[in-house]
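Chain by chain, the residues:
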Amino acid sequence: MSVAAPQPNPTRIKGRLLPWAGALLLSATGAASALYYLTGASEPSSEVAAVAATGADGEAPMVRPPSFEILFSDGDRGLMVYEGYVYVVRLGDKMPNGRRMIGFQKRDGNWAAVTL
C-alpha cells in the first residue's frame, strides 16, 4: 500500500505573495498619509512673487472687514450670522476676520465679540 505524498505546487508562491503585497502597499500608504498629516502642506517657495491687486488708479483696494452679527450668547458660546449662515461660535474659535474669539460682551443691548 502506497501513501500519497504532497507534491510541490508552483502557483503556491504566488498565492502567498499577493496578500503580503497588498498589506505592504496598505501599510506604506498609511505611513505616507500619517507623515503628510504631521508635517503639513509645504509653503509656496520664495520664488513665487505675490501679486497685489490694485484699484482703478493704481491705488491699493479698499478691503472691507467681514460683517458678522452675534445674535445670542450664553457666555462660552454664541450664535453668529455670517453671509446668511448661522454658526455656533465657541471661545477660541477663529472668526471670519482671522482673529480668535476670547469672549462675548453685551453692549447697548447687542452682543459683541471680544477677539484677540
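Just so it is clear, the model here is predicted, and its values are computed rather than measured.

## Points about the overall build of the protein chain
Step number 1: Each helix and strand counted, the protein chain has one helix and five strands in total.
Step number 2: Secondary structure elements of the protein chain, listed N to C terminal, follow the sequence α-β-β-β-β-β.
Step number 3: The buried share of the protein chain, reckoned over its 116 residues, is 9%.
Step number 4: Of the roughly 10,400 Å² of accessible surface on the protein chain, a fraction of 60% belongs to carbon and sulfur atoms.

## Looking at the sheet that holds strand E2 (residues 77-82)
Hydrogen bonds along the backbone pair up the strands of a sheet, which may run parallel or antiparallel.
Step number 1: Spatially, three strands are ordered E1-E2-E3 in an open sheet, and the strand pairing comes out antiparallel. Looking at the sheet topology across the chains shown, the edges are occupied by strand E1 (68-73) and strand E3 (85-90). The sheet shows a mean angle of 30° between the axes of neighbouring strands, direction not considered.

## Section: the packing of aromatic side chains
Step number 1: Applying the stated criterion across every chain yields a total of one aromatic pair.
Step number 2: Ring centres 6.3 Å apart and planes at 75° place the aromatic pair Phe72 and Trp111 in the edge-to-face group. On the criterion of sequence distance, the pair formed by Phe72 in strand E1 and Trp111 in strand E5 (residues 110-115) is long-range, its members being 39 residues apart.
Step number 3: On the basis of relative accessible area, Phe72 is assigned to the partly exposed category, the value being 47%.

## Quick notes on the pattern of salt bridges
Step number 1: Using the criterion set out here, one finds one salt bridge in the structure.
Step number 2: Close ionic contact of Arg77 with Asp74 constitutes a salt bridge, the shortest N to O distance being 3.2 Å.
Step number 3: A relative accessible area of 45% places Arg77 in the partly exposed class.

## Let's talk about a nonpolar patch on the surface
Step number 1: Side chains of Leu71, Phe72, Leu79, Val86 and Val88 sit close together on the surface and give an oily, nonpolar patch of about 440 Å² of accessible area.
Step number 2: Those elements giving two or more residues to the nonpolar patch turn out to be E1 and E3.
Step number 3: Tracing the sequence through the fold places Leu71 in strand E1.
Step number 4: For Leu71, a relative accessible area of 44% corresponds to the partly exposed category.

## Some details on the pairing of E2
Step number 1: The two faces of E2 differ: Gly78, Met80 and Tyr82 on one face are buried, but Arg77, Leu79 and Val81 on the other face are not.
Step number 2: Note that E1 and E2 share five bridges and pair antiparallel. Bridge pairing in E2 links Phe68 to Tyr82.
Step number 3: Counting the residues that bridge the hairpin from E1 to E2 gives three residues, and of these Gly75 lies at a positive phi of roughly 110°.
Step number 4: Direction of pairing for E2 relative to E3: antiparallel, over a ladder of six bridges. The residue bridging Val81 from the neighbouring strand is Val86, located in E3.
Step number 5: Between the antiparallel neighbours E2 and E3 lie two residues, among them Glu83 with a positive phi of about 50°.

Parameters at a glance
Residues numbered from 1 in each chain as written. Predicted model: local features only at pLDDT ≥ 70, side-chain atom pairs only at ≥ 80, totals over all residues. Heavy atoms only, no water. Helix = DSSP H or I, 4+ residues; strand = E, 2+ residues; numbered from the N terminus. Buried < 20%, exposed > 50% of the residue type's maximum accessible area, 1.4 Å probe, protein only. Areas by Shrake-Rupley, 256 points an atom, 1.4 Å probe, with all protein chains shown as cover. Pairing = 2+ DSSP bridges. Axes fitted to C-alpha atoms, helices over the stretch in contact; angles between N-to-C directions. Phe/Tyr/Trp six-rings, centres within 6.5 Å; stacked < 30°, edge-to-face > 60°. Salt bridge = Lys/Arg side-chain N within 4 Å of Asp/Glu carboxyl O. Patch = residues over 30% accessible without salt bridge, like charges linked within 9 Å, V, L, I, M, F, W, Y side chains within 5 Å.

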